[in-house]
Amino acid sequence: MGLNTIFDIAASGMSAQSIRMNTLSSNLANAESVSSNSNETYRAKHPIFSTAYTQALSPGYFFGDENGGAGQGVEVVDIIESQAPLQLRYQPDHPMADEAGYVAYPNVNVVEEMADMISASRSFQNNVDVLDTAKTLLSRVITLGQR
């Protein structure tokens, strides 16, 4: 693994966290959208991450997994809808209420979404810090021969 690979790995992490932030933003934006039909009600979305692998450089490669592959970052393999039950609120005067007087609200927990947003933001910042550190190390390596 060369030092240049660090940039690709950190960039994939930043990209994955950007997608996570976008889905969280969508969830928060639709947290209070209503419907009289539960099939039409917005459902929270969540990205599914996976490790992106490449072949190891040599047998017994230190960072490789048991199959001989080396992690080369993260990728978003899918964005799924939450299967948690919708929130049914009894509001018979609401224009979107069904025959029984219930309004279907999304299965978005605003507190959990905000905590996830803080986590995604910090993960993104950690990857920025990795890029900054790698850049500093590479520039110091270049200046080693000049002294």
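Rules used throughout
Residues numbered from 1 in each chain as written. Predicted model: local features only at pLDDT ≥ 70, side-chain atom pairs only at ≥ 80, totals over all residues. Heavy atoms only, no water. Helix = DSSP H or I, 4+ residues; strand = E, 2+ residues; numbered from the N terminus. Buried < 20%, exposed > 50% of the residue type's maximum accessible area, 1.4 Å probe, protein only. Contact = heavy atoms within 4.5 Å. Areas by Shrake-Rupley, 256 points an atom, 1.4 Å probe, with all protein chains shown as cover. Phe/Tyr/Trp six-rings, centres within 6.5 Å; stacked < 30°, edge-to-face > 60°. Lys NZ or Arg CZ within 6 Å of the ring centre and 35° of its normal. Salt bridge = Lys/Arg side-chain N within 4 Å of Asp/Glu carboxyl O.

Brief notes about the overall build of the protein chain
Here is step 1: The helix and strand tally for the protein chain stands at two helices and four strands.
Here is step 2: Helices (α) and strands (β) of the protein chain occur, in sequence order from the N terminus, as α-β-β-β-β-α.
Here is step 3: Taking all 147 residues of the protein chain together, 24% fall into the buried category.
Here is step 4: Long-range contacts, defined as pairs at least 24 residues apart, comprise 65% of the intrachain contacts of the protein chain with a sequence gap of at least 6.
Here is step 5: Carbon and sulfur atoms make up 54% of the accessible area of the protein chain, which totals about 9,600 Å².

Looking at the side chain of Asn27
Here is step 1: Among the secondary structure elements, Asn27 is positioned in helix α1 (residues 3-29).
Here is step 2: Residues contacting Asn27, with those up to four places away along its chain left out, are Tyr42, Arg43, Ala44, Lys45, His46, Val108 and Glu113.

Focus: the environment of Thr5
Here is step 1: When you line up the elements, Thr5 lands in helix α1.
Here is step 2: Sequence separation of Thr5 and Gln72 is 67 residues, and the distance between their C-alpha atoms is 7.7 Å.

Re the packing of aromatic side chains
Here is step 1: Under the criterion given, the structure shown has one aromatic pair.
Here is step 2: Geometry around Tyr105 places Arg89 over its ring, the cationic atom sitting 3.7 Å from the centre.

Brief notes about the environment of Val128
Here is step 1: In this fold, Val128 is placed in helix α2 (residues 110-144).
Here is step 2: Residues Val128 and Ala11, 117 residues apart in the sequence, show an inter-C-alpha distance of 8.4 Å.

A word on the pattern of salt bridges
Here is step 1: By the definition in use, this model includes four salt bridges.
Here is step 2: We note a salt bridge from Asp116 to Arg20, for which the minimum N-O separation is 4.0 Å. Linking Asp116 in helix α2 with Arg20 in helix α1, this pair joins segments that are 96 residues apart in sequence.
Here is step 3: On the basis of relative accessible area, Asp116 is assigned to the partly exposed category, the value being 29%.
Here is step 4: Residue classification places Arg20 among the buried positions, given a relative accessible area of 15%.
Here is step 5: For Glu81, the salt bridge identified is with Lys45, shortest N-O distance 3.6 Å. Here the residue Glu81 occupies a position in strand β2 (residues 69-81), and Lys45 occupies one in strand β1 (residues 45-55), the gap between them amounting to 36 residues.

Taken by themselves, the reported measurements are silent on function.
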